[in-house]
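# Observations on the three-dimensional arrangement
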Amino acid sequence: MNKTILSFMIAVFSLSIFHAQTPATNSSSKIYESIQKLNFLGSVLYIAAHPDDENTRLIAYMSNQIKARTAYLSLTRGDGGQNLIGSDIRELLGVLRTQELLAARRIDGGEQLFTRANDFGYSKHPDETFEIWDKDDVLSDVVLAIRTFQPDIIINRFDHRSPGTTHGHHTGSALLSVEAFELANDKTAFPKQLNKTTLWQPKRLFFNTSYWFYGSQEKFDAADKSNMISFDIGTYYPLKGLSNNEVAALARSQHLCQGFGNLTQRGTQQEYIEFLKGEPLKNNDDIFDGIDTTWNRVKGGKEIGDILYEVEKNFNFTNPSKHIPQLVEAYKLLQNIEDEHWKVQKTKELLNIIEMCAGLYLEASAETNYATQNEAIKLNIEILNRSETPITLVGFKTTNNVNVSKNIALKNNIKYNFNEILKIKADQQPTTPYWLNTKGTLGMYKVDDESLIGLPETPRAYQIEFNLLINNTPITFTKDVIQRYSKPDKGELFRPFEIIPEASASITEKVIIFNSDEKHHISVVVKAGHDNLTGKVEIQHPENWMVSPKSQKVSIAYKGEERSYNFTLTPPKNASEGVISPIVYVGDKAYSKELIEIDYSHIPLQTVLLPSETKVVRLDIQKKGTNIAYIQGAGDVVPESLEQIGYHVEYLITDEISPENLQKYDAVVVGIRAYNTLDDLQFKQQQLFDFVAQGGNMIVQYNTNRGLKVENIAPYPLSLSRDRVTDENAKVRFLNPEHPVLNYPNKITQKDFEGWTQERGLYFPNSWGKEFTPILAMHDKNESDKDGSLLIAKYGKGYYIYTGLSFFREFPVGVSGAYRLFANMLSLGKENTNTQEN
Ligand SMILES: [Zn+2]
């Protein structure tokens, strides 16, 4: 995407939301809505597979219209997708998307839950998905979510009855939900969970259907809907000044890394859910039919309801603090009920309402946004009561049990500030997403601390408890330590307070390819977590590789400062690959992790610690030809990769394609989806074919058949299909073992198809003219062979090659076989040319 348009888009959307850390504005209408929710005792759990699968219209409706406690359980964090707004991919993309989901929930009023399942990439069938996920563990996490959240109603985004029609993760999420519906109430299922949760039987299970699942609007209109309930999800909320679908669109637009900033649909609109399981509905207008959603639901709740319904009925919009005596009374009664689940949940809601009604401002701001173990950080504590309610500050307490006693009557709108020192514990673990702490598998995150499973993010390490007396009742509010600061061009800003290691190190290049035994310079960047960091840095490397010098002294004066240390790396004479990683030694401690910041304006700043690793590959590779023209399509790093193996690559924009310009190249390589994204490329097609006729090679990487902007993608008949092979280990059969592309200058063997990542390839042609020679056959489990992954045709004196093999995924992770095969493609027909060889 065009960078200018993109940054404009981000700017526009950031205007519409509060920065994620900014304290919320607590208007009377918001307080009133919170009281309505407080007085509704029912809940909905929405289940799907990925960030963006969730129907924000329905989540917003359940939360804001029905007033139900509503959560979205996304089985994965979306690591497998693409990032349209930055370079964070894989696990870092999962961190970004987790935060985008939380940003969406802050708008639509929902909560967010996850399982340990990892989004490993596209999967055609749930059977395949369950082979890569640990099905039992993911099921266990879904059951845990149900036992913890205790939903009355579960709504699946996907249909469990149609495996194979959508992503395997999607159908998988529905299948697991259907299975977990009864298991959550089965004491023999995952019994260990019952030490800290209880059995729970949701009342009903629905499927959030739509025309999409019926193939067309007409078919859906004609479908029998006697088993469905519908909602007008366009309903208008005067208290918000927004309609439900406007709220939903704002929430959905938080998925910026997926390019979901979209137009709002206003006006009436129906959404349907189909009954699947549980107690049938007697009244088709109410999904909570037969469930008491009043305070009478809880033993001891009637007296609480008597107070709180009165507050709702006679709510004082001009001075909500008038209700504090009633709210505090309800709070006291709530502390005596036996039902732990409702006690905890409703206490949380009620405290928030009391805080809002009193206009309380409670803040603990650190002088800096990060610190290391043993460090002493200055805290500024600010307390403000903006009501006539008698409130006394009794004291506050920090996470590491520093108790400060006070006895101050907080007068209306008089600010109280206190300075305290926060001592960071000696064994304090750095802030990082808990699911990335230990290396997992392709399909699962590994979470060592079981109490964290399901949580959207790692709880903050440092908090302050504010102990108050409100109307003579002791009430405690807990706040995370944050940093409040300002920027001249942005105004007041808030950041999370993070713990970082005293030293971290990284090598900028994540993959280094060597096509000879020439040495390569690498620089290790060391970051200091505190002032006066001293120690040494070394590089761990495979035995047959050489690093010099062996060790270098580290001396960094200031906290947060980074310094580079240069090393040279010499590869062995023969093909070899391995991993190198920098280690910083400080005293008797060793640090080998890299500190990564994920910083976008629509989410709070995230710091992630990952093992600092760089893959090094010494290729055994021969090649012919030198100069390559690259026509960039949707964007890929193939040109940089080809330069790493010694080609000279120049980007050619469509306007520059001319017979004269093409003359100087040995080959033209067309980037992924170029024929889908470049409107004018069709006018240059004949010139490219002429270049081939005169002896050049043309390699076209995958395009999709939908939205193809050229009539003839090849000089001979060739039709693209949706055939793909998603198993990156699928067996590859050589259809034409004697073909030069498998023999010259590199002998291609099965070994060259080892270690591929994510997939073999996609959008293979499924029919072609007799001029083409198919080279490879491969297929996914339970499918027939696909022969269209690599097709080669002689055209005049040169070669036209079409390939759906995923070189754009394999090159960045240093798959040597992919490089060798690509070099052969470029070398076709160049047996007699005299170009430099490695
Ligand atoms: Zn999805």
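About the cut-offs
- Residues numbered from 1 in each chain as written.
- Predicted model: local features only at pLDDT ≥ 70, side-chain atom pairs only at ≥ 80, totals over all residues.
- Heavy atoms only, no water.
- Helix = DSSP H or I, 4+ residues; strand = E, 2+ residues; numbered from the N terminus.
- Expected span 1.5 Å × (residues − 1).
- Buried < 20%, exposed > 50% of the residue type's maximum accessible area, 1.4 Å probe, protein only.
- Core = buried A, V, L, I, M, F, W, Y, C linked by side-chain atoms within 4.5 Å.
- Contact = heavy atoms within 4.5 Å.
- Pairing = 2+ DSSP bridges.
- Right-handed = clockwise from strand over helix to strand, strands pointing away.
- pLDDT = per-residue confidence, 0-100.
- Salt bridge = Lys/Arg side-chain N within 4 Å of Asp/Glu carboxyl O.
- 1 Å grid on protein atoms, 1.4 Å probe; cavity = no way out; pocket = protein on both sides within 12 Å on 5 of 7 lines; lining within 4 Å.
- Points joined across faces, edges and corners; volume = space filled by probe spheres on them.
- Axes fitted to C-alpha atoms, helices over the stretch in contact; angles between N-to-C directions.

### Section: helix α7 (residues 168-183)
Between its first and last C-alpha atoms α7 spans 22 Å; for 16 residues at 1.5 Å apiece the expected length is 22 Å, and the two agree. With 13 of 16 residues buried, α7 lies mostly within the body of the structure.

### Re the nonpolar core
With 55 residues, the main nonpolar core has Leu350, Ile354, Ile383, Ile470, Phe477, Val481 and Phe497 as its most contacted residues. The dominant element in this core, judged by the number of residues it contributes, is helix α12 (residues 340-357), at 7 residues. Residues in contact with Ile354, not counting those within four places in the same chain, are Ile324, Leu327, Val328, Tyr331, Ile470, Ile475 and Phe477. Core analysis: the next-biggest nonpolar cluster, separate from the first, contains 48 residues, Tyr647, Val732, Ala818 and Tyr819 among them.

### Observations concerning the pairing of strand β33 (residues 627-631)
The buried fraction of β33 is high, at 4 of 5 residues. Note that β33 and strand β34 (residues 648-651) share 4 bridges and pair parallel. Note on β34: the bridge partner recorded for Tyr630 is Tyr651. Each parallel crossover has a hand, and the one from β33 via helix α13 (residues 638-644) to β34 is right-handed.

### Some words on the confidence of the model for the protein
The predicted model of the protein averages 93 in pLDDT, with 97% of residues at 70 or higher. A low-confidence stretch, residues 1-20 (pLDDT under 50), is modelled with 23 contacts involving residues beyond four sequence positions or located in other chains. Segment residues 834-838: pLDDT under 50, and 14 contacts once partners within four positions in sequence are set aside and those in other chains are kept.

### Comments concerning the pattern of salt bridges
Scanning all chains against the criterion turns up 41 salt bridges. The salt bridge partner of Arg266 is Glu246, with a shortest N-O separation of 2.5 Å. Here the residue Arg266 occupies a position in the loop between α9 (244-252) and β9 (270-278), and Glu246 occupies one in helix α9, the gap between them amounting to 20 residues. With a closest N to O distance of 2.6 Å, Asp752 and Arg820 form a salt bridge. Pair noted here: Asp752 is in the loop between β38 (733-734) and β39 (761-768) and Arg820 is in helix α18 (residues 816-827), with a separation of 68 residues, a long-range link. Given the relative accessible area of 6%, Asp752 is considered buried. Accessibility expressed as a relative area gives 13% for Arg820, which makes it buried. Each of Lys124, Asp780, Glu783 and Lys786 takes part in one network of salt bridges that share partners.

### A short note on empty space enclosed by the protein
Counted under the stated rule, the structure contains 2 cavities of 30 Å³ or more. Empty space within the largest cavity amounts to approximately 60 Å³. Taken together, Phe120, Tyr122, Glu128, Ile132, Leu442, Thr726, Asp727, Glu728 and Gln758 form the lining of the largest cavity. Here the second largest cavity defines a volume of roughly 50 Å³. What lines the second largest cavity is simply Asn369, Tyr370, Glu498, Ile500, Lys527, Leu595, Glu597, Leu605 and Thr607.

### Brief notes about the sheet that holds strand β43 (residues 798-803)
The 7 strands are arranged β34-β33-β35-β36-β43-β42-β40 in an open sheet whose pairing can be described as mixed. If you trace the sheet from one side to the other, it starts and ends with β34 and β40 (772-774), each paired once. Direction aside, neighbouring strands of the sheet carry axes that sit 20 degrees apart on average. In this sheet, strand β36 (residues 697-700) lies alongside strand β35 (residues 667-670) in parallel orientation, the contact comprising 4 bridges. Note that in β36 the partner of Val668 across the bridge is Met698. Relative to the sheet, α18 contacts β33, β35, β36, β42 (790-795) and β43, its axis offset from that of β36 by approximately 140 degrees.

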